[in-house]
Amino acid sequence: MKKPIIITSLIGFGLLLTCFALYWFYFSKPSPFPDSYHLMKKLDDSFPEASVEKVQGYFPMDNRHFFVPFITKENKYGFSCWTWKKHKWELTAMNTMGEPFLWKINERDPSTYRIIWNLHPNDHIRSIRFFMIRDRGYHVSEGVEHYDPKIQMNEDTSLKEKSYGFMKLPKNWGNLIRSNNEVEIEKQPDFFTINFFPRTSVYFGWIPYDEDGKLAKLNNSMYGSGFGRLGSDLEDIRFMTGKDIEF
Amino acid sequence: MIHHFNSINILLGVLSWLLIGLIAIRFYRKHPEKLKAWKVVLVLLLGLFSFTININGFGSIIRLPILPLGVWILYILLLKNKNSWRKYRSFAWIGFFANFVFLFISFVQIPIEHLVYPSDKPTTYLANVNNASLIITHPSGKKGLLNKKSLIKQLPNMQEKKFYSAQWYEETYLSDKSKNKERFPYELIGIDPKWGSGLSSVIYIERNGKGILIGTAKRQYYFHFKDSIIKWEGEKQ
């Protein structure tokens, strides 16, 4: 009669331990974000080649994600992304060149997407026009016609005195991405192999302007040497020219 | 996404299982010996396992079960226990034939779905337009608002029209080179399909407000109609 009791209590204890471990690793509330000194240390430890000189600040995207722009000893302006993961603040992306990137915090929810940047002041960028584009296309298969209208939407932002910045996606952009996504998910035939992040044909672009409203020259923000580790959450934002834009 | 489930699928699924369950219960009751219910369920589920071949028919691929693998596995497992095999084997066969029930139901499902949720009628995809609004998706689209009254009035009578995608594609580039006008510079959001249809769609509106292109998981449908469903800025009502 004793054996079953011992076994059940062992199993019960094991389950409790597993639940606690799962909670601790994945669901625990974040501890306070490290201060600039500790951020610098962590950046130096992970990427000594970046030679970070100064952390410009740290900005929450939500309570588990922070954007930390920095300046390097070589006077490069870059940024880093931090995520609360497995019970610690992890450096999930960094780049010593701060041209705009799209941070998809939760890929399935466009309202969590953030455009982040840290542009060198010597490029004298006063404003940026961001684009969301889906190219026009068509195809016919077995007599069934398909036409993709061109989508080209833009949102302007002005740089307020600071080299760095971040921005949520306009609400309509998110609505578009979501509605497109729903149809893409439905196209998949088998529930068991379903991919909830289907590849979208939508991409993002940017055009920087100087104080005269002319195209800014990006000698420092884009060209030159730099490096980064982008991780899987960051998506490219393409540098566009007048030729790429319609109307 | 919560409301995007297929009610017919679920209903017919439940009916199929109910039927199989009833057959199993009948066999269970008629059997002279006392059988363990949980064993019956397990054997039934095992019997479902079968080898299927894909054949082309009726416009799609049919998965036809031809080898009752589950039944054979059970036989091998119970080689040493001929008594158990004798008691429970009919349930394994019921499990195998359940595959055919599902197959038959899947045939029946298609005409039922077409009746309740006709895929070629815009009312299936635009069942609820109360929260609908327009987004301008291309700079060549003039500013305007959705004219819900006009949309609701014309929806039931819209007729599908054939289109040529290549032609539409070329049009943009043949006209004024400096300003590329998009034929569908608007998208409609905030619409709901018919409840229980599980059919999501992307809906584009033509630049003159007199046409819509509905993109579904299966294909696109183009509808053209008389009155514009867009109220342009500065226009007299």
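Read on for an overview of the structure.

Thresholds, definitions, all that
Residues numbered from 1 in each chain as written. Chains lettered and ligands numbered in written order. Predicted model: local features only at pLDDT ≥ 70, side-chain atom pairs only at ≥ 80, totals over all residues. Heavy atoms only, no water. Helix = DSSP H or I, 4+ residues; strand = E, 2+ residues; numbered from the N terminus. Buried < 20%, exposed > 50% of the residue type's maximum accessible area, 1.4 Å probe, protein only. Contact = heavy atoms within 4.5 Å. Buried area = accessible area lost by both parts, 1.4 Å probe. Salt bridge = Lys/Arg side-chain N within 4 Å of Asp/Glu carboxyl O. Axes fitted to C-alpha atoms, helices over the stretch in contact; angles between N-to-C directions. Parallel < 35°, antiparallel > 145°, perpendicular 65-115°, else oblique. Nonpolar A, V, L, I, M, F, W, Y, C, P; charged D, E, K, R; others polar. Phe/Tyr/Trp six-rings, centres within 6.5 Å; stacked < 30°, edge-to-face > 60°. Lys NZ or Arg CZ within 6 Å of the ring centre and 35° of its normal.

Turning our eyes to something else, we now look at the overall build of chain B. Broken down by element type, chain B carries seven helices and 10 strands. Counting only C-alpha atoms and orienting by the principal axes, one finds that chain B spans roughly 85 × 35 × 25 Å. When the 237 residues of chain B are sorted by exposure, 43% land in the buried category. If you take every contact in chain B between residues at least 6 apart in sequence, the share linking residues at least 24 apart comes to 63%.

As a further point, take the interface of chain B and chain A. Taken residue by residue, the interface counts 38 residues in chain B and 29 residues in chain A. Here chain B packs against chain A, burying approximately 2900 Å² in sum over the two surfaces, 59% of which is carbon and sulfur. Between Arg 136 of chain A and Glu 182 of chain B there is a salt bridge, with its nearest N and O atoms 2.7 Å apart. At the level of secondary structure, the elements contributing two or more residues to the side of chain B that touches chain A comprise strand S3 (133-136), helix H7 (165-174), strand S6 (186-189), strand S7 (201-205) and strand S8 (211-216) of chain B. Among the elements that make up the side of chain B that touches chain A, the one with the highest residue count is H7 of chain B (seven residues).

A few words on the packing of helix H2 (residues 37-48) of chain B against helix H3 (residues 69-77) of chain B. Residue and element names in this part refer to chain B. Viewed as axis vectors pointing N to C, H2 and H3 meet at an angle of 130°, and their least axial separation amounts to 6 Å. Relative to H3, the element H2 is oriented oblique. The segment H2 lies against H3, with Val 43, Leu 46 and Gly 47 engaging Gly 70, Val 71, Ile 73 and Leu 74. Split by residue class, the contact of H2 with H3 holds five nonpolar, two polar and no charged.

Another aspect to go through is the pattern of salt bridges. The final tally for this structure, using the stated rule, is 15 salt bridges over all chains. Between Glu 211 of chain A and Arg 126 of chain A there is a salt bridge, with the nearest N and O atoms lying 3.7 Å from each other. Residue Glu 211 of chain A is located in the loop between strand S13 (202-209) and strand S14 (228-229), and its partner Arg 126 of chain A is located in the loop between strand S7 (113-118) and strand S8 (127-134); the two are separated by 85 residues in the primary sequence. Residue Arg 126 of chain A is classed as partly exposed on the basis of its relative accessible area, which comes to 40%. Here Glu 171 of chain B ties to Arg 183 of chain B by a salt bridge, and the two come within 2.7 Å at their closest N and O atoms. Of this pair, Glu 171 of chain B sits in helix H7 while Arg 183 of chain B sits in the loop between H7 and S6; the two residues are 12 residues apart in sequence, bridging distant segments of the chain. Each of Lys 104, Glu 107 and Glu 235 of chain A takes part in salt bridges that share partners, so that together they form one network.

A separate point is the packing of aromatic side chains. This structure, assessed with the given rule, holds 37 aromatic pairs over all chains. Between Phe 5 of chain B and Trp 195 of chain B the ring centres are 5.3 Å apart and the planes differ by 90°, which places this aromatic pair in the edge-to-face class. Highlighted residues: Phe 5 of chain B in the segment before helix H1 (7-30) and Trp 195 of chain B in the loop between S6 and S7, separated in sequence by 190 residues. Exposure remark for Phe 5 of chain B: the relative accessible area of 27% places this residue in the partly exposed category. By the ring-pair criterion, three or more aromatic residues cluster together here, those being Phe 33, Tyr 58, Phe 66, Trp 82, Trp 84 and Trp 89 of chain A. The ring of Tyr 203 of chain A has Arg 238 of chain A sitting right over it, with the charged end atom 3.6 Å from the ring centre. Against the face of Trp 232 of chain B rests Lys 142 of chain B, its NZ or CZ located 4.9 Å from the ring centre.

Note that every value here comes from positions in space, so none of it alone points to a role or purpose.
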